[in-house]
Amino acid sequence: MIDWRRVVGRPERIRGDDLYYHIILRCNNGERMFASGAECAFFLEHLKRYVDQYKCEVHNYTIMPSHVHLMLMTTSGNHVDIVLRDICSCTARSYNKRRTRSGHFWRHRFRSKIITDDAYALACLRYNHRNPLVGGVVQSLDDWKWSAYHYYARGMPDEIIKPLPTYLNLGSTGTERRERYVEVVADPGAPAALERGLFEGRFGEGTYWYERARREVNAAIFRYIYCANYKRVPGT
């Protein structure tokens, strides 16, 4: 049984150019600040403004009622703490002003995790996109507007998104990539508790549960990457 009581210390944030991040922003006290489509749209406006200003590449966003997932790459000396500082502060000020509200908007500083390999990148994208479904917000991912799932799975234009490099390896044409990605998202994947612990930062790096989760998540996703690149399943 997973010991969720393990307390993981706050590590020093890794900063630099050409680094890929998975970022989680949580609303204060679990409040549903993004329960309305209007608030989701405002957040995307702020996101686009600052990623354009700081020349970031956004590979995914998934806006949930009480939190946001982002996958992005920083460039040009504009490190992740600077970019997220402005996105978060602008979002909070705008919301509080419109709602005549005071107090904290975000729960704590944002959580960031470096994406280090293709398997982790694709599994993280899949985890992000499945959030509305797993969280019971919708019955079908096509019903959730506030995610880049529609860009990756349906080919819908999105001026914010630059495709994740790993995604581009899923096929030689857009149709092949989209069909393959739909398979990836539909796959049961690794056990839910391990995926959640890994991608939500509940396991300290180097711990037993962290290493186990990485192994099982990689094993569940690797065959899609392998098959896309080499057209056969390992061992066949």
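Structural data are supplied above this passage.
Sequence order as written defines residue numbering, which begins from 1 separately in each chain. Only residues with pLDDT of at least 70 get local features here, since the model is predicted, and only at 80 or more are side-chain atom pairs given and counted; chain-wide, interface and lining totals rely on the full set of residues. By convention in this description, side-chain values take in all heavy atoms of the structure and omit both hydrogens and water.

Caption draft 1: View of the overall build of the protein. We count a stretch as a helix when DSSP gives it H or I for four or more residues in a row; a strand needs E for two or more, and each element gets its number in order from the N terminus. Within the protein one finds eight helices and four strands. Across the protein, the fraction of contacts at a sequence separation of at least 24, relative to all contacts at a separation of at least 6, is 71%. For every accessible area listed, the method is Shrake-Rupley and the probe measures 1.4 Å; residues are considered covered only by the protein chains on display. About 11,900 Å² of surface is accessible on the protein, with carbon and sulfur atoms providing 50% of the total. In what follows, a contact means two residues having at least one pair of non-hydrogen atoms within 4.5 Å.

Caption draft 2: Highlighting the environment of C27. Structurally, C27 can be placed in the loop between β1 (19-26) and α1 (37-54). Think of it in three bands: residues with accessible area under 20% of the maximum for their type are buried, residues over 50% are exposed, and the middle band is partly exposed, with areas taken using a 1.4 Å probe on protein chains only. For C27, a relative accessible area of 1% translates into the label buried. Put simply, C27 and F105 are 78 residues apart on the chain and 5.9 Å apart in space, counted from C-alpha to C-alpha.

Caption draft 3: Just the packing of aromatic side chains, in detail. Centre distance within 6.5 Å is the pairing criterion for rings of Phe, Tyr and Trp, where only the six-membered ring of Trp is used; planes under 30 degrees apart are then read as stacked, over 60 as edge-to-face, and the remainder as tilted. As enumerated under the stated definition, the model contains 14 aromatic pairs in all. Residues F34 and F43 carry aromatic rings whose centres are separated by 5.6 Å and whose planes lie at 75° to one another, so their mutual orientation is edge-to-face. What makes F43 buried here is its relative accessible area of 0%. Aromatic pair F34 and F105: ring centres 5.8 Å apart, planes at 75°, arrangement edge-to-face. Here F34 is found in the loop between β1 and α1, whereas its partner F105 is found in the loop between α2 (80-98) and β4 (111-114), with 71 residues between them in sequence. Given a relative accessible area of 3%, F105 falls into the buried group. Here a set of aromatic residues connected by ring pairs shows up, and it is made of F34, F43, Y95, F105 and W106. Positioned above the aromatic ring of F42 is the side chain of R98, whose terminal nitrogen or guanidinium carbon lies 3.7 Å from the ring centre. The criterion for a charge sitting over a ring is simple: Lys NZ or Arg CZ within 6 Å of the ring centre, and within 35 degrees of the ring normal.

Caption draft 4: The arrangement of the pattern of salt bridges in detail. Should a side-chain nitrogen of Lys or Arg be within 4 Å of a carboxyl oxygen of Asp or Glu, the pair is scored as a salt bridge. Throughout the structure, instances matching the rule amount to 12 salt bridges. Ionic pairing is found between R26 and E200, a salt bridge with its closest N-O pair at 2.1 Å. In this pair, R26 sits in strand β1 while E200 sits in the loop between α7 (192-199) and α8 (208-230), placing the two residues 174 residues apart along the sequence. Exposure remark for R26: the relative accessible area of 22% places this residue in the partly exposed category. The partner of R154 in a salt bridge is D142, and the shortest N-O contact between them spans 2.8 Å. Residue R154 is located in helix α4 (residues 149-154), and its partner D142 is located in the loop between α3 (118-134) and α4; the two are separated by 12 residues in the primary sequence. The class of D142 is partly exposed, set by a relative accessible area of 36%. Here the salt bridges do not stand alone but share partners, grouping E39, R98 and R99 into one network.

Caption draft 5: Structural context of the packing of α3 against helix α6 (residues 174-186). Running from amino to carboxyl end, α3 crosses α6 at an angle of 70°, the nearest separation of the two axes being 9 Å. Viewed along their axes, α3 and α6 adopt a mutual orientation that is roughly perpendicular. Together, L122, L125, R126, H129 and R130 of α3 and Y181, V184 and V185 of α6 make up the contact between the two elements. Each axis is a line fitted through C-alpha atoms, taken for helices only over the stretch in contact, and angles between the N-to-C directions span 0 to 180 degrees. Note on angle classes: values under 35 degrees are labelled roughly parallel, values over 145 roughly antiparallel, values of 65 to 115 roughly perpendicular, and the remainder oblique.

Caption draft 6: Seen up close, unusual backbone geometry. Of note in this structure, N29 is not a glycine but carries a positive phi near 60°. Residue position: N29 is located in the loop between β1 and α1.

Caption draft 7: Region of the structure containing the pairing of strand β3 (residues 67-74). Summarising burial for β3: eight of the eight residues are buried, a large majority. Burial along β3 is two-sided: the residues H67, H69, M71 and M73 and V68, L70, L72 and T74 are all buried. By the bridge criterion, eight bridges tie β1 to β3 in an arrangement that is antiparallel. Within β3, the position partnered with Y21 by the bridge is L72. Here six bridges tie strand β2 (residues 57-63) to β3, and the two strands are oriented antiparallel to one another. What sits directly across from I63, in β3, is V68. Paired strands, in this sense, are two strands between which DSSP finds at least two bridges. Where β2 folds back onto β3 in an antiparallel hairpin, the turn is made up of three residues.

Caption draft 8: Fine view of the nonpolar core. By size, the foremost hydrophobic cluster in this structure holds 70 residues, and its most contacted members are L25, F34, F43, L70, L84 and Y181. Every residue in contact with Y181, bar those within four places of it in the chain, is listed here: L122, L125, R126, H129, Y149, Y152, A153, Y167 and L170. Note on terminology: a nonpolar core comprises buried Ala, Val, Leu, Ile, Met, Phe, Trp, Tyr and Cys residues joined through side-chain atoms within 4.5 Å.

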